[in-house]
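Descriptive analysis of the structure
Single-letter residue listing:
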Amino acid sequence: MTEERRPETPAEANGSAAVFIILGKQLKLLREKAGLSQKEFADLMGYGPDLISAIERGVRTPRPEFLRRADQILKADGLFTSVIPQVEEAMARSRTRHPEWYRSYAAMEAEAVELHHYSNHAVQGLLQTEAHARVVFAKRRPFLSEETIEKRVADRLSRQQVFERWPPPIVSYILEEVVLDRPIGGPRVHADQLRRLLEVSSMQNVEIQVMPTHLQEHPNLGGAFNLLVPKGQTQVAYTEAQGYPRLITDREEVRTIADRYGIMRAMALSPKESRSLIAKKLEEL
């Protein structure tokens, strides 16, 4: 089996994995004692079931606001709020403990005030459901070990905490229509993934646009990319091809990529039209 380079999860970064596993088990115990399913609890919390599942299994770090609300809903008498200082410490350390090849980008993504993504053949990592991500890593070549797959999935879910920050960053996506059509993991997993896209696109700070396949012109055939505006810094770009990442800081090169992104946003379907298309594809499954 081939081991893959990857960012560490917050729990791994400071050796507190066991703490979060125990915390997840306590959350599950109190939830079940309250007679709530994961979906019912998620609805009360205002989060998705995937997040509840990930936290209960200890593969995702619960944010302080999550712990405060869980403590209130489950009447935990301070069980969850008492560990908030340790959680905040773990999250702070995780920003600086990624491997060197990914460290600069991970730190920028975690605190960016703007995030813009173009995806041409796959659902971008921050948008993936847990099941979708697991299939992506399980079908990768060369094969990864089961342990590596689980760690990679945990990493991906951990990064999605960017959507839960306050104040929230400005986020936009351009997805090629083909991304919506490839049923990664089969009909059920794909349907859940489309629902996730609709869920994220309903957030006030997020816009998702679809680039129709029938368009005869395209300003960017050079591959997927991310554009970030780190807090207090100028915009940067990030690309990754065949496992080789590249953080682009040269202003002229970043400007060129940003220019292409702007043209694509003008050519793509509007956010409202894109939501309608995604909903239509979901209904047709």
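Keep in mind that what you see is a predicted model, and the values were worked out from it rather than measured. All chains use their own residue numbering, which begins from 1 and follows the written sequence. Thresholds applied to this predicted model are a pLDDT of at least 70 for local features of residues and 80 or more for the giving and counting of side-chain atom pairs; totals over whole chains, interfaces and linings are not thresholded and use all residues. Hydrogen atoms and water are omitted, and side-chain values are computed over all heavy atoms in the structure.

**Let's talk about the pattern of salt bridges**
Oppositely charged side chains may form a pair once their charged atoms are brought near each other. Convention followed: By convention in these notes, a salt bridge is any Lys or Arg side-chain nitrogen within 4 Å of a carboxyl oxygen on Asp or Glu. Numbering of helices and strands starts at the N terminus; helices are DSSP runs of H or I of at least 4 residues and strands are runs of E of at least 2. Relative accessibility under 20% of the residue-type maximum defines a buried residue, over 50% an exposed one, and the middle range a partly exposed one, all with a 1.4 Å probe and only protein chains included.
Scanning the entire structure with this criterion turns up 15 salt bridges. One salt bridge in this structure joins Asp43 and Lys39, with 3.3 Å as the shortest N-O distance. Of this pair, Asp43 and Lys39 both sit in helix 3 (residues 38–45), separated by 4 residues, roughly a single helical turn. One exposure class covers both Asp43 and Lys39, and it is exposed. For Glu65, the salt bridge is made with Arg63, and the minimal N-O distance between the two is 3.2 Å. With relative accessibility at 30%, the residue Glu65 sits in the partly exposed group. Counted as one network, the salt bridges with shared partners bring together Arg57, Glu130, Arg134 and Glu150.

**Quick word on unusual backbone geometry**
Note: most residues except glycine have negative phi, and most peptide bonds are trans. For the peptide bond that leads from Arg141 to Pro142, omega is -5°, which places it in the cis range. Mapped onto the secondary structure, Pro142 falls in the loop between helix 8 (130–138) and helix 9 (146–159). A cis amide bond links Trp166 with the next residue in sequence, Pro167, at an omega value of 0°. Following the sequence through the fold, Pro167 ends up in the loop between helix 9 and strand 2 (170–176). Phi is positive for Lys75, which is not a glycine, with a value near 50°. By the secondary structure assignment, Lys75 is in the loop between helix 5 (64–73) and helix 6 (84–94). One non-glycine residue, Asp77, adopts positive backbone phi at about 55°. Structurally, Asp77 is set in the loop between helix 5 and helix 6. Residue class for Asp77 comes out exposed when judged on its relative accessible area of 76%.

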